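Here are the chains, one letter per residue:
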Amino acid sequence: MPINTGDILSGELTAMRVRSGERGKRVATYQITSEPRRLPPPARLCNLETGPETFQLITTSESQATQLKSFVGKEISVKVDEVACAQDAGQMSEAVITKWSVVTKP
């Protein structure tokens, strides 16, 4: 089943520490592991028959990072506003969600 803008992605949130930039500063990276979801075209870069299962959440503010910290190790749902295949071979996730918002269960 493909994942499109506006769809909800649910799965367990994990946190990893990766080195970033010239000085190798350690930054927290958050990832959702979900059932395989195909990406919309032109997503042939993901190159997986079933679609990616790991989705990295890009945080653009301290408040987003703080929000995610409380969900580590738990099930989380996010509304996907922008998703793409991972571009760098070194990336831990198969796909990257660059714009998202947490969906709270009623």
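Residues numbered from 1 in each chain as written. Predicted model: local features only at pLDDT ≥ 70, side-chain atom pairs only at ≥ 80, totals over all residues. Heavy atoms only, no water.

This part takes up the overall build of the protein. A count of helices and strands for the protein gives one helix and five strands. Listing each helix as α and each strand as β along the protein from the N terminus yields β-β-β-α-β-β. Classification of the 106 residues of the protein by burial places 35% in the buried group. For the protein, the computed accessible surface area is about 6,700 Å², with 51% contributed by carbon and sulfur atoms. (Helix = DSSP H or I, 4+ residues; strand = E, 2+ residues; numbered from the N terminus. Buried < 20%, exposed > 50% of the residue type's maximum accessible area, 1.4 Å probe, protein only. Areas by Shrake-Rupley, 256 points an atom, 1.4 Å probe, with all protein chains shown as cover.)

Looking at the secondary structure, you find Ser 70 in the loop between α1 (62–69) and β4 (75–85). By relative accessible area, Ser 70 is classed as partly exposed at 43%. In this structure the C-alpha to C-alpha distance between Ser 70 and Leu 13, which are 57 residues apart in sequence, comes to 9.8 Å.

Enumeration according to the criterion identifies four salt bridges in this entry. Between Glu 35 and Arg 37 there is a salt bridge whose closest N-O contact spans 3.7 Å. The class of Glu 35 is partly exposed, set by a relative accessible area of 43%. Among the residues examined, Arg 37 registers a relative accessible area of 4% and is labelled buried. For Lys 99, the salt bridge goes to Glu 82, with nearest N and O atoms at 3.6 Å. Separated by 17 residues along the polypeptide, Lys 99 in strand β5 (residues 95–102) and Glu 82 in strand β4 bring together distant segments of the chain. (Salt bridge = Lys/Arg side-chain N within 4 Å of Asp/Glu carboxyl O.)

So, about the nonpolar core. Membership of the largest hydrophobic core comes to 18 residues, with the highest contact counts inside it found for Leu 9, Leu 57, Leu 68, Val 78, Val 83 and Ile 97. For this core, the leading source of residues is β4, giving five residues. (Core = buried A, V, L, I, M, F, W, Y, C linked by side-chain atoms within 4.5 Å.)

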